[in-house]
Amino acid sequence: MRFTSEHRLDDGVVERDFLLGEVPGTLWLPDSAGPVPLILTAHNNGLPRTADRLVARARISAARGYAVATIDAAGCGDRPLSAADERARAELRRAARAGEPVDEILESLVGPLVERAAPEWRTTLDALLSLPEVGGPVGYSGWMALGVRLAAVEPRIVAAGFFAGGFVPRAQRAEARLVTVPLLMLLQWDDEGNPRQRALDLFDAFGTREKTLHANLGGHTGTPRFELDDAHRFFDRHLR
């Protein structure tokens, strides 16, 4: 891990950009003595890690005493998609305009993204936990398809918060029963891109004995601000 910049922000949070091989990432740290618990926060759908709402959420968590880290997955930020993924996205746009079913196209796009992202995140976690400012326990927040895979295979993750706003491939739906850590899942009841019943079925499939579902009216980007406060209470219970 090579740090490429460091900024002390006006809320007391320290922001460090890094490269891990060719993978760019950002680490936010509280202005306090470490080591502190770590939250991995993942995104998808082409969003760069520098998107305003992602950065704002990370800074709030860091100000509450957490180390928060993210990396850009393939196709996010400056990282290109593979030629196959580009073709899948073009086909997805065409099918959506025509009103055709898109599940199999999403399967061919999201499945490979998860397969490539999971090892990158585990390597990132190795590097982060070697830093003196970062300790455990480790939580996960964000992209649900990737989160299911990581929570199923990565024993260092002890709690997870999922946003049920994206397509979850069949492999991860099957892996849901292997997720046994405490879980908080956020669902937008009217999410235009995520069938409600599919999200409810996935919640039911998780193997953990401690899982909570928060459902709110509204579309994909309408998650209420207070859910961030509830998410912090969830992580406070399991990472402190």
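Residues numbered from 1 in each chain as written. Predicted model: local features only at pLDDT ≥ 70, side-chain atom pairs only at ≥ 80, totals over all residues. Heavy atoms only, no water.

**Side note on the overall build of the chain**
Consideration 1: Scanning the chain from terminus to terminus reveals 7 helices and 9 strands.
Consideration 2: The C-alpha atoms of the chain give a radius of gyration of 17 Å, which matches the 18 Å a tight globule of 240 residues would have.
Consideration 3: In terms of its C-alpha atoms, the chain occupies a principal-axis envelope of roughly 55 × 40 × 30 Å.
Consideration 4: Of the contacts formed within the chain by residues at least 6 apart in sequence, a portion of 67% connects residues at least 24 apart.
Consideration 5: Total accessible area on the chain is roughly 11,100 Å²; 52% of this is exposed by carbon and sulfur atoms.
Consideration 6: Across the chain, the centroid of the 29 positively charged side chains sits 2 Å from that of the 33 negatively charged ones. (Helix = DSSP H or I, 4+ residues; strand = E, 2+ residues; numbered from the N terminus. Rg over C-alpha atoms; globule rule 2.2 N^0.38 Å. Contact = heavy atoms within 4.5 Å. Areas by Shrake-Rupley, 256 points an atom, 1.4 Å probe, with all protein chains shown as cover. Lys, Arg positive; Asp, Glu negative; His and termini not counted. Charge placed at Lys NZ, Arg CZ, Asp CG, Glu CD.)

**Quick notes on the pattern of salt bridges**
Consideration 1: Enumeration according to the criterion identifies 24 salt bridges in this entry.
Consideration 2: A salt bridge links Arg 94 to Glu 91; the shortest N-O distance between them is 2.7 Å. Placement of the pair is Arg 94 and Glu 91 together in helix H2 (residues 83-98), with a separation of 3 residues, close to one helical turn.
Consideration 3: Classification of Arg 94 as partly exposed rests on a relative accessible area of 32%. (Salt bridge = Lys/Arg side-chain N within 4 Å of Asp/Glu carboxyl O. Buried < 20%, exposed > 50% of the residue type's maximum accessible area, 1.4 Å probe, protein only.)

**Here's the deal with the nonpolar core**
Consideration 1: Ranked by size, the top nonpolar core spans 54 residues in total, and within it Tyr 140, Trp 143 and Phe 206 carry the most contacts.
Consideration 2: The residues touching Trp 143, leaving out its near neighbours within four places in the chain, are Ala 42, His 43, Asn 44, Ala 73, Leu 113, Val 114 and Ala 117.
Consideration 3: Counting residues in each nonpolar core, the second largest holds 16 residues, with Val 13, Val 55, Ala 58 and Phe 235 among its members. (Core = buried A, V, L, I, M, F, W, Y, C linked by side-chain atoms within 4.5 Å.)

**Some words on the packing of aromatic side chains**
Consideration 1: In total, this model carries 4 aromatic pairs according to the counting rule given.
Consideration 2: Relative to Phe 18, the ring of Phe 3 lies with its centre 6.2 Å away and its plane at 80°, an arrangement referred to as edge-to-face. On the criterion of sequence distance, the pair formed by Phe 3 in strand E1 (residues 2-8) and Phe 18 in strand E2 (residues 14-20) is long-range, its members being 15 residues apart.
Consideration 3: In this structure Phe 3 comes out as partly exposed when scored by relative accessible area, which is 32%. (Phe/Tyr/Trp six-rings, centres within 6.5 Å; stacked < 30°, edge-to-face > 60°.)

**Notes on the confidence of the model for the chain**
Consideration 1: Looking at the chain as a whole, the pLDDT averages 92, with 99% of positions reaching at least 70.
Consideration 2: When pLDDT is averaged over each element of the chain, strand E7 (residues 157-163) comes out on top at 97 and H2 at the bottom at 89. (pLDDT = per-residue confidence, 0-100.)

**Concerning the side chain of Glu 227**
Consideration 1: Structurally, Glu 227 is set in helix H7 (residues 226-239).
Consideration 2: Arg 233 provides the closest opposite charge to the buried, salt-bridge-free Glu 227, at an N-O distance of 7.6 Å.
Consideration 3: The residues touching Glu 227, leaving out its near neighbours within four places in the chain, are Leu 186, His 214 and Asn 216.

**Section: the packing of H2 against helix H3 (residues 103-129)**
Consideration 1: Relative to each other, H2 and H3 sit at 145°, their axes nearing to 9 Å. In the crossing of H2 with H3, the sense of the turn from one axis to the other is left-handed. For the pair formed by H2 and H3, the contact residues are Asp 85, Ala 88, Arg 89, Glu 91, Leu 92 and Ala 95 on the first element and Ile 105, Leu 106, Ser 108, Leu 109, Pro 112, Leu 113 and Arg 116 on the second. (Axes fitted to C-alpha atoms, helices over the stretch in contact; angles between N-to-C directions. Left-handed = near helix turned anticlockwise from the far one by under 90°.)

**Some points on the packing of H3 against helix H4 (residues 144-153)**
Consideration 1: Contact geometry of H3 with H4 gives a least axis separation of 9 Å together with a crossing angle of 50°. One finds that H3 runs oblique with respect to H4. Relative to H4, the crossing made by H3 is right-handed. Mapping the contact onto sequence places Val 110, Val 114, Glu 115, Ala 117, Ala 118, Trp 121 and Arg 122 in H3 and Ala 145, Leu 146, Arg 149, Leu 150 and Val 153 in H4.
Consideration 2: Of the residues assigned to the contact of H3 with H4, the class counts are 9 nonpolar, no polar and 3 charged. (Parallel < 35°, antiparallel > 145°, perpendicular 65-115°, else oblique. Nonpolar A, V, L, I, M, F, W, Y, C, P; charged D, E, K, R; others polar.)

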